[in-house]
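The chain contents come next:
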Amino acid sequence: MNYFLTVLGLLGIIKPDKFKEIIYNILYIMPFWLWGILFLSLAGIARLWILAIIGLLFLFFPKRKIKKTVELIPKISNQKIRIFIILLIIAIWILW
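Everything in this summary refers to the structure shown in the same document.

1. Let's talk about the overall build of the protein chain
From N to C terminus, the protein chain includes 6 helices and 0 strands. The order of α-helices and β-strands along the protein chain, N terminus first, is α-α-α-α-α-α. The C-alpha atoms of the protein chain give a radius of gyration of 14 Å, which matches the 12 Å a tight globule of 96 residues would have. With the C-alpha coordinates of the protein chain rotated into their principal frame, the extents come out at 35 × 30 × 20 Å. Considering the protein chain as a whole, with its 96 residues, one finds that 25% of them fall into the buried category. At a minimum sequence separation of 6, the contacts of the protein chain that also span at least 24 residues come to 65%. Roughly 7000 Å² of accessible area belongs to the protein chain as shown, and the carbon and sulfur atoms make up 74% of that amount.

As structure tokens, this is what we get:
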């Protein structure tokens, strides 16, 4: 799992525009309630409480607000994406 996230993160560092497009499309492929169930199951496997919180948000947060938030992804600057991904990769390797 952490290798997949690392490769996806490296793609985000090298080509942040492509990364934003991939994340945006992935979130719209499945319904939000299915994402909630997926995050809750990952939280059970990985024992990370942040995944459980994200899963509960996807399950119980109003769908129109989630859609508005997802539509903000392409507007994020490339520098902020790179900084976030570097911090995320460091956190993944420390916590794993």
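2. A closer look at the nonpolar core
The biggest cluster of nonpolar side chains holds 10 residues, and these are Leu 27, Phe 32, Trp 35, Phe 39, Ala 43, Leu 51, Phe 58, Ile 66, Val 70 and Ile 73. Contributing elements (two or more residues each) for this core: helix H3 (32-46), helix H4 (49-60) and helix H5 (63-70). It is H3 that provides the largest number of residues to this core, a total of 4 residues. Those residues in contact with Ile 73, other than ones at most four positions away along the chain, are Lys 20, Ile 23 and Leu 27.

Conventions adopted
Residues numbered from 1 in each chain as written. Predicted model: local features only at pLDDT ≥ 70, side-chain atom pairs only at ≥ 80, totals over all residues. Heavy atoms only, no water. Helix = DSSP H or I, 4+ residues; strand = E, 2+ residues; numbered from the N terminus. Rg over C-alpha atoms; globule rule 2.2 N^0.38 Å. Buried < 20%, exposed > 50% of the residue type's maximum accessible area, 1.4 Å probe, protein only. Contact = heavy atoms within 4.5 Å. Areas by Shrake-Rupley, 256 points an atom, 1.4 Å probe, with all protein chains shown as cover. Core = buried A, V, L, I, M, F, W, Y, C linked by side-chain atoms within 4.5 Å.

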